[in-house]
Amino acid sequence: MSTLPKHDWQPSRPAPQTQGLNRPMAWIGVMLLALLVAVGLARWSGLDPRTPDAAVQWQRDLQFTDLPSGDIAVLDASTGQAVAQFSGEQGFLRSTLRALARERQRSSLGKEAPFLLIGRTDGRLTLQDPSTGQRIDLESFGPSNAAVFASLRLAGTDNAALKSAP
């Protein structure tokens, strides 16, 4: 005879088997796969997502030289005249020039060729290295950083002296 009390319990049912992912997760997976396929087809077909460049409004050939004092001298490439000098850290200017110089070094090119500072009709600025084909769209880095290069448009010319006259 058993001394344990009787219980009204039933044997537990086995847990239902999950059928993989639930329906919302499956739809998210399908959408991500469709997105990847669409991007892959667009890239494979040669679609260029960039906005086409506006016409060139002005252009200036400039050479940048490191001075022994650590400053950066900016020369007009056509006249050889010094048009500006940057002293201090000048982080954006230095990093931009360093990126273009690195590409020249990879291609085993010298430092003699000038860079092109290009102003476009839509107000955008581009610094381009014609020897390597590299370019940096300066407006992408904000107006204060682009202004560093925009100041070089008329620097050292007679027009700059006229603009600063009272």
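All values derive from a computational prediction rather than experimental measurement.

J.: How do you make sense of the pattern of salt bridges when you look at a structure like this?
T.: Between side chains of opposite charge, a pair can form as their charged atoms come close. Scanning the entire structure with this criterion turns up six salt bridges. The salt bridge partner of R106 is E103, with a shortest N-O separation of 2.8 Å. One end of the pair is R106 and the other is E103, both in helix α2 (residues 91–106) and three residues apart, which spans about a single turn. Relative accessible area serves as the criterion here: at 61%, R106 is assigned to the exposed category. For R124, the salt bridge identified is with D122, shortest N-O distance 2.7 Å. R124 gets classed as buried once you look at its relative accessible area, which sits at 17%. Ionic contacts of the salt-bridge type, sharing partners, join the residues D122, R124 and E139 into one network.

J.: Help me understand the sheet that holds strand β4 (residues 115–120) in this model?
T.: Sheet strands associate in pairs through backbone hydrogen bonding, adopting either a parallel or an antiparallel arrangement. In spatial order, the strands read β3-β2-β1-β4-β5-β6; together these six strands make up an open sheet with antiparallel pairing. Two strands lie at the open edges of the sheet, namely β3 (82–86) and β6 (135–137), each paired on one side alone. The average undirected angle you get between the axes of adjacent strands in this sheet is 25°.

J.: Looking at this structure, how should I read the packing of aromatic side chains?
T.: Aromatic rings considered in pairs are described by the distance between their centres and by the relative angle of their planes. Applying the stated criterion across every chain yields a total of four aromatic pairs. Note on F92 and F141: the rings are 5.2 Å apart at their centroids and 50° apart in plane angle, and the pair reads as tilted. Placement of the pair is F92 in helix α2 and F141 in the loop between β6 and α3 (143–150), with a sequence separation of 49 residues. Residue class for F92 comes out buried when judged on its relative accessible area of 14%. Pairwise contacts between aromatic rings join F64, F92, F115, F141 and F149 into one cluster. The ring of F115 has R104 sitting right over it, with the charged end atom 4.2 Å from the ring centre.

J.: Even after reading the chapter, I still don't get the environment of F86, so can you show me in this structure?
T.: Counting through the fold element by element, F86 comes out in strand β3. Sequence separation between F86 and D71 is 15 residues; the distance between their C-alpha atoms is 5.6 Å. Contact partners of F86, with chain neighbours within four places excluded, come to D71, I72, V74, L93, V148 and L152.

J.: Just to check I follow, could you spell out the pairing of β4 for this structure?
T.: Each regular strand displays side chains that alternate between the two surfaces of the sheet. Burial analysis of β4 places six of its six residues in the buried class, the great majority of the element. Taking every second residue as pointing to the same face, both faces of β4 are buried, with F115, L117 and G119 on one and L116, I118 and R120 on the other. Relative to β4, strand β1 (residues 56–66) runs antiparallel, the two sharing six bridges. The residue bridging V56 from the neighbouring strand is R120, located in β4. Relative to strand β5 (residues 125–128), β4 is paired through four bridges, and the arrangement is antiparallel. Its bridge partner lying in β5, I118 is registered against T126. What sits between β4 and β5 in their antiparallel hairpin is a turn of four residues, with G123 showing a positive phi close to 90°.

The rules we used
Residues numbered from 1 in each chain as written. Predicted model: local features only at pLDDT ≥ 70, side-chain atom pairs only at ≥ 80, totals over all residues. Heavy atoms only, no water. Salt bridge = Lys/Arg side-chain N within 4 Å of Asp/Glu carboxyl O. Helix = DSSP H or I, 4+ residues; strand = E, 2+ residues; numbered from the N terminus. Buried < 20%, exposed > 50% of the residue type's maximum accessible area, 1.4 Å probe, protein only. Pairing = 2+ DSSP bridges. Axes fitted to C-alpha atoms, helices over the stretch in contact; angles between N-to-C directions. Phe/Tyr/Trp six-rings, centres within 6.5 Å; stacked < 30°, edge-to-face > 60°. Lys NZ or Arg CZ within 6 Å of the ring centre and 35° of its normal. Contact = heavy atoms within 4.5 Å.

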